[in-house]
Amino acid sequence: ENGKITYVASDENVATINEAGEITLIGAGKVTFTVTYGETANYSAKAASITLTVVRDTLVAENFELTNNTAKYDGTKKEVTVTSKVEGIGNVEVKYYQNEVAVDPINVGSYEVRIEVAESVKYEKATLTVGTLIINKAEQNEPALSLDKQEVKMTEAAPVLTLTNAPMENGKITYVASDENVATI
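Treat the numbers as computed from the prediction; the structure is a model and nothing was measured. (Residues numbered from 1 in each chain as written. Predicted model: local features only at pLDDT ≥ 70, side-chain atom pairs only at ≥ 80, totals over all residues. Heavy atoms only, no water.)

**Student:** Just to check I follow, could you spell out the environment of Glu87 for this structure?
**Tutor:** Residue placement: Glu87 occurs in the loop between strand S8 (81-84) and strand S9 (92-98). Note: C-alpha distance between Glu87 and Asn63 (24 residues apart in sequence) is 9.8 Å. Excluding its chain neighbours within four sequence positions, the residues that come into contact with Glu87 are Lys122 and Tyr123. (Helix = DSSP H or I, 4+ residues; strand = E, 2+ residues; numbered from the N terminus. Contact = heavy atoms within 4.5 Å.)

Given below as structure tokens:
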């Protein structure tokens, strides 16, 4: 007659063990597993225990993928998409830094992307630099020009140059004549 084998976990908030001896991890902590060979007609019962320590893993930058990390300036706040390559992480907060100062990424430049990941069942709390967001310059408006006359005689008044649009951000307007021996502006 075969004796019954029993498996017991001391803390099922850390791990469980089924009747086949298969362990399932639940959370961080210490658990003691006790295996008992049941009494038979010829043998007395006998038990043995072993302790397992379960710890949270540590996240690294390579556990995350960064997309939408380049943008063109348009005056609005930009955001990257951070995707975890692992399951079971805590809430993720994305922050942007320039010169170690947290900022909103609006203007042209390079922004360090850091994430703060809350502690979860599987992973420790972490703050990681996962990449860079780059905001590139936008295209300036092309000047829309017109002259009130396309051709003039040297004895006539100079034509009037008219701009019908403005530069973006009230940028500097520069006037240059292609041949100052003909006309200056």
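**Student:** I would appreciate a short explanation of the side chain of Asn63 in the present structure.
**Tutor:** Following the sequence through the fold, Asn63 ends up in the loop between strand S5 (46-54) and strand S6 (64-67). According to the relative accessible area criterion, Asn63 is buried, its value standing at 16%. (Buried < 20%, exposed > 50% of the residue type's maximum accessible area, 1.4 Å probe, protein only.)

**Student:** I tried to follow the packing of aromatic side chains on my own but got confused; where do I start?
**Tutor:** Note on aromatic pairs: each is described by the distance of the centres and the angle between the planes. Per the stated rule, a full pass over the model turns up 0 aromatic pairs. Taking NZ or CZ as reference, Arg114 lies 3.8 Å from the ring centre of Tyr97, over its face. (Phe/Tyr/Trp six-rings, centres within 6.5 Å; stacked < 30°, edge-to-face > 60°. Lys NZ or Arg CZ within 6 Å of the ring centre and 35° of its normal.)

**Student:** Please explain the environment of Asn63 as it appears in this structure.
**Tutor:** Counting along the chain gives 113 residues from Asn63 to Val176, while the straight-line C-alpha distance between them is 54 Å. Not counting residues within four places of it along the chain, the set of residues in contact with Asn63 comprises Thr58, Thr83, Ser84, Lys85 and Val86. A distance of 2.8 Å separates a polar atom in the side chain of Asn63 from the backbone nitrogen of Val60. (Polar contact = N/O pair within 3.5 Å; in protein donor to acceptor, adjacent residues only side chain to side chain.)

**Student:** Before we go on, may I ask you to explain the sheet that holds S5 in this structure?
**Tutor:** Within a sheet, adjacent strands bond to each other through the backbone by hydrogen bonds, running parallel or antiparallel. The strand order S1-S4-S5 describes an open sheet built from 3 strands, whose pairing is antiparallel. Each of the sheet's edge strands pairs with one partner strand only, and the pair in question is strand S1 (5-9) and S5. Across the sheet, the axes of successive neighbouring strands diverge by a mean angle of 15 degrees, strand direction being ignored. Alignment of strand S4 (residues 29-37) against S5, held across 9 bridges, turns out to be antiparallel. (Pairing = 2+ DSSP bridges. Axes fitted to C-alpha atoms, helices over the stretch in contact; angles between N-to-C directions.)

**Student:** Sorry if this is basic, but what is going on with the sheet that holds strand S10 (residues 101-102) here?
**Tutor:** Taken together, the 5 strands give an open sheet; going across it, the order is S7-S12-S11-S9-S10, and neighbouring strands pair in mixed fashion. On the outer flanks of this sheet lie strand S7 (70-72) and S10, each paired with one strand and no other. The pairing of S9 with S10 spans 2 bridges and is classified as antiparallel. Looking at the pairing, Tyr97 lines up with Ala102 of S10.

**Student:** Even after reading the chapter, I still don't get the pattern of salt bridges, so can you show me in this structure?
**Tutor:** Note on pairing: side chains with opposite charge can pair once their charged atoms come close. One pass over the structure, following the stated rule, counts 6 salt bridges. The partner of Glu119 in a salt bridge is Arg56, with the nearest N and O atoms 3.7 Å apart. With Glu119 in the loop between strand S11 (109-117) and strand S12 (126-136) and Arg56 in the loop between S5 and S6, this residue pair connects regions lying 63 residues apart in the sequence. For Asp74, the salt bridge identified is with Lys78, shortest N-O distance 2.6 Å. Residues joined in a network through salt bridges with shared partners are Glu100, Glu112 and Arg114. (Salt bridge = Lys/Arg side-chain N within 4 Å of Asp/Glu carboxyl O.)

**Student:** Teacher, can you tell me more about the layout of surface pockets here?
**Tutor:** If you roll a probe as big as a water molecule over the atoms, it shows you where there is empty space left. Considered as a void within the structure, the largest pocket measures approximately 570 Å³ in volume. Residue composition of the lining of the largest pocket, grouped by class: 11 nonpolar, 3 polar and 5 charged. (1 Å grid on protein atoms, 1.4 Å probe; cavity = no way out; pocket = protein on both sides within 12 Å on 5 of 7 lines; lining within 4 Å. Points joined across faces, edges and corners; volume = space filled by probe spheres on them. Nonpolar A, V, L, I, M, F, W, Y, C, P; charged D, E, K, R; others polar.)

**Student:** I keep staring at the side chain of Ser120 and nothing clicks. Help me out?
**Tutor:** Relative to the elements of secondary structure, Ser120 occurs in the loop between S11 and S12. Note on Ser120: relative accessible area 12%, which makes it buried. Sequence-distant contacts of Ser120, defined by excluding residues within four places in its chain, comprise Arg56, Gly88, Ile89 and Gly90.

**Student:** Just to check I follow, could you spell out the nonpolar core for this structure?
**Tutor:** It is characteristic of soluble globular proteins that their nonpolar side chains tend to be buried jointly. Ranked by size, the top nonpolar core spans 15 residues in total, and within it Leu59, Phe64, Val113, Leu128, Val130 and Leu133 carry the most contacts. Listed by contribution, the elements that provide at least two residues to this core are S6, S11 and S12. Discounting chain neighbours no more than four positions away, the residues touching Leu59 are Phe64, Val86, Ile89, Val117, Tyr123, Glu124, Ala126 and Leu128. Of all hydrophobic cores here, the second largest spans 7 residues; its members include Ile17, Val31, Phe33 and Val54. (Core = buried A, V, L, I, M, F, W, Y, C linked by side-chain atoms within 4.5 Å.)

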